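Remarks on the overall topology
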Amino acid sequence: MLKVEGLVVQQGSFALTADFEVATGQRVAVIGPSGAGKSTLLGALGGYVPCTGRILLDDADVRDAAPDQRGIAMLFQDGNLFPHLTLAQNVGLGVRPVLRLRPQERDKVLAALARVGLADFAERKPGDVSGGQQSRAALARVLVQDKPLLLLDEPFAALGPALRAEMLDLTSDVARDTGATVLMITHAPEDAERAADQVIFVDAGRVEAPRAVAEIMADPPEALRAYLGR
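In this numbering scheme, every chain counts its residues from 1 along its sequence in written order. Per-residue local features of the predicted model are confined to residues with pLDDT of at least 70, and side-chain atom pairs are confined, for both listing and counting, to 80 or more; whole-chain, interface and lining totals are unaffected and use all residues. Side-chain numbers here rest on the full set of heavy atoms in the structure, without hydrogens or water.

**A word on the nonpolar core**
Note on soluble globular proteins: their nonpolar side chains tend to be buried together. Of all hydrophobic cores here, the largest spans 45 residues; its most connected members are L113, V199 and M217. Sorting elements by how many residues they give to this core places helix α4 (residues 131-143) first, with six residues. Once residues within four sequence positions are removed from consideration, V199 is found in contact with V28, A29, I31, A192, A209, P210, R211, V213, I216 and M217. Residue types Ala, Val, Leu, Ile, Met, Phe, Trp, Tyr and Cys, when buried and joined through side-chain atoms within 4.5 Å, form a set referred to as a nonpolar core. Burial classes: relative accessible area under 20% of the type maximum marks a residue as buried, over 50% as exposed, and values in between as partly exposed (1.4 Å probe, protein chains only). Secondary structure elements are taken from DSSP: a helix is a run of H or I of four residues or more, a strand is a run of E of two residues or more, and numbering for both begins at the N terminus. Contacts are assigned to residue pairs with any non-hydrogen atoms lying within 4.5 Å of each other.

So this is what it looks like as structure tokens:
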């Protein structure tokens, strides 16, 4: 379980506050207006944005832990693939940053690439594959880390509707297979309805507690109703 208690991020005149819980294995869409604090929230959870309060993952407070010691994997908007490395090497960074992989670790990388449909693309570089395939490789790098919590900061936003839907479905399948909890930022309500169990609404630095997708979309609070244009 992820439990956030009294989390506060202060960035100049902007403040973000959060208190919420997410049960293990839930897929949660984080939605809200631009500038509301969605990326700030995920950055704080992942250890990239300073904050106060407690971030409990399976009852262990990880707030002071380094990002790679939190049991959390984060996938950013640009995927962060290195253009001079092959897809296999980029994925291998999730296992061992120095890229001196043991045979079993190399097998793990190839298995992750196969899981996302890139078994035949291991030796290609990012510039030699499509945007959708780059997104798959970035997701594979998250998979090999075997973390219980995945944070996705709109990694598929640049894809067209069909490819974005395909990647959302793939992410959902992976989460079910591994039992990972997923928090995913999106600006598209249809993405939440397609790929999430719950919604966290963020508005002007206020992080609302998660609610079931069907429930919150059927009867959104006033701020969410305004965001959705209803």
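There's plenty left to go through after this.
**As for helix α5 (residues 161-178)**
Since there are 3.6 residues in each turn of an α-helix, residues three or four apart along the chain are aligned in direction. Given a rise of 1.5 Å per residue, 18 residues ought to cover 26 Å, and the 26 Å separating the end C-alpha atoms of α5 matches this to within 8%. Buried residues belonging to α5 abut β3 (27-31), α3 (103-115), α4, β7 (149-153), β8 (181-185) and α6 (189-195). G179 sits one or two residues past α5 and shows a positive phi near 80 degrees. Helix span, as expected, comes to 1.5 Å for every residue beyond the first.

**Side note on the pattern of salt bridges**
A side-chain nitrogen of Lys or Arg and a carboxyl oxygen of Asp or Glu constitute a salt bridge if their distance falls within 4 Å. Enumeration over the complete set of coordinates arrives at 17 salt bridges. E190 is the partner of R164 in a salt bridge, and the nearest nitrogen-oxygen pair spans 3.8 Å. With a gap of 26 residues between them, R164 in helix α5 and E190 in helix α6 connect regions that are remote in the sequence. With relative accessibility at 16%, the residue R164 sits in the buried group. Salt-bridge contacts for D203 lead to R206; the nearest nitrogen and oxygen are separated by 3.2 Å. Under the relative-accessibility criterion, R206 is labelled partly exposed at 44%. Taken together, the salt bridges that share partners define one network made up of R96, R102 and E105.

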